[in-house]
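If you want the building blocks of each chain, they are given just below.
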Amino acid sequence: MGDVYDAAKRSAVMRQVKGTGTGPERTLRRLLTGLGARYRLNRRDLPGSPDIVLPGRRLAIFAHGCFWHGHDCARGARVPKANRDYWLAKVGRNRARDAAVGARLAETGWRVEVVWECEMRNEAALEARLAALLDRAPLSSSPGRRVSAVKRGHKGHEGGAKDTK
């Protein structure tokens, strides 16, 4: 079976597929902000340009779409019937790139977390996972930089929230 759209319409549809500012990324940002975390978006100076970066915690978070990154859930396991070989190769390349980027970040002292699109359905569990990530100390510091374990909610530090006394 061929494509249901002509070439011009398919091109217009594919232009609408976003790389940044996606729904899952916005959900992550909302939850992290609610937890009092301070973060940066799409740091181009880091391998893979992580979606969300918490520099003081040396934490890089990627929000992955299940289909595009080959997650083992129902949506990620689905392969389109049309152009099957192309999609299998595409997702395979994405997975290989994701593994290489994660390894490069880990080598330079960053913690890498992947949040899958399907995990966004249970926001309470995701929020608990993010809170646990924020409570952990960074793996190591970069050369010449002092990094200390920062407690969530401590004023004056990255991720600090207002005192509620």
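Anything mentioned here points back to the structure above.
Asks: Give me the lowdown on the side chain of His 69, citing residues and values where you can.
Replies: Relative to the assigned elements, His 69 resides in helix α3 (residues 66-69). In this structure the side chain of His 69 is engaged in a polar contact, spanning 3.5 Å, whose partner is the side chain of His 64. When neighbours within four sequence positions are excluded, His 69 is seen to be in contact with His 64, Val 91, Asn 94, Arg 95, Arg 97, Asp 98 and Trp 116.

Asks: Go over helix α6 (residues 123-135), please, and point to the residues and values.
Replies: Taking 1.5 Å as the rise per residue, α6 with 13 residues should run 18 Å; its terminal C-alpha atoms sit 18 Å apart, in good agreement. Within α6 the residues assigned to the buried category are Leu 126, Leu 130, Ala 131, Leu 133 and Leu 134. Axial view of α6: buried residues confined to an arc of 160 degrees, hence all on one face. Turned more than 90 degrees off the buried face of α6, the exposed positions are Ala 124 and Asp 135. At its buried positions, α6 is contacted by α2 (23-34), β2 (52-54), β3 (59-64) and β4 (111-116).

Asks: Give me the lowdown on the sheet that holds β3, citing residues and values where you can.
Replies: Sheet architecture is open: four strands sit in the order β1-β2-β3-β4, paired in mixed fashion. For this open sheet the edge positions go to β1 (40-41) and β4, each flanked by a neighbour on one side alone. Bridging between β1 and β2 involves two bridges; their strand directions are antiparallel. Residue Arg 40 lies in a different strand from β2, and its bridge partner there is Val 53. Here α2 sits on the sheet and contacts β1, β2, β3 and β4; the angle it forms with β3, its principal contact strand, is near 140 degrees. Helix α5 (residues 84-107) contacts β3 and β4 of the sheet and is inclined by roughly 170 degrees relative to β3.

Asks: Before we move on, can you summarise the environment of Arg 136 with the specific residues and values?
Replies: Along the polypeptide, Arg 136 turns up in the segment after α6. Judged by relative accessible area, which is 44%, Arg 136 ranks as partly exposed. Put simply, Arg 136 and Leu 59 are 77 residues apart on the chain and 9.8 Å apart in space, counted from C-alpha to C-alpha. Those residues within four positions of Arg 136 in sequence are excluded, and the remaining contacts are Arg 111 and Glu 113.

Cut-offs used in this document
Residues numbered from 1 in each chain as written. Predicted model: local features only at pLDDT ≥ 70, side-chain atom pairs only at ≥ 80, totals over all residues. Heavy atoms only, no water. Helix = DSSP H or I, 4+ residues; strand = E, 2+ residues; numbered from the N terminus. Polar contact = N/O pair within 3.5 Å; in protein donor to acceptor, adjacent residues only side chain to side chain. Contact = heavy atoms within 4.5 Å. Expected span 1.5 Å × (residues − 1). Buried < 20%, exposed > 50% of the residue type's maximum accessible area, 1.4 Å probe, protein only. Arc of directions from axis to C-beta. Pairing = 2+ DSSP bridges. Axes fitted to C-alpha atoms, helices over the stretch in contact; angles between N-to-C directions.

Any functional reading would require information beyond the geometric quantities listed.
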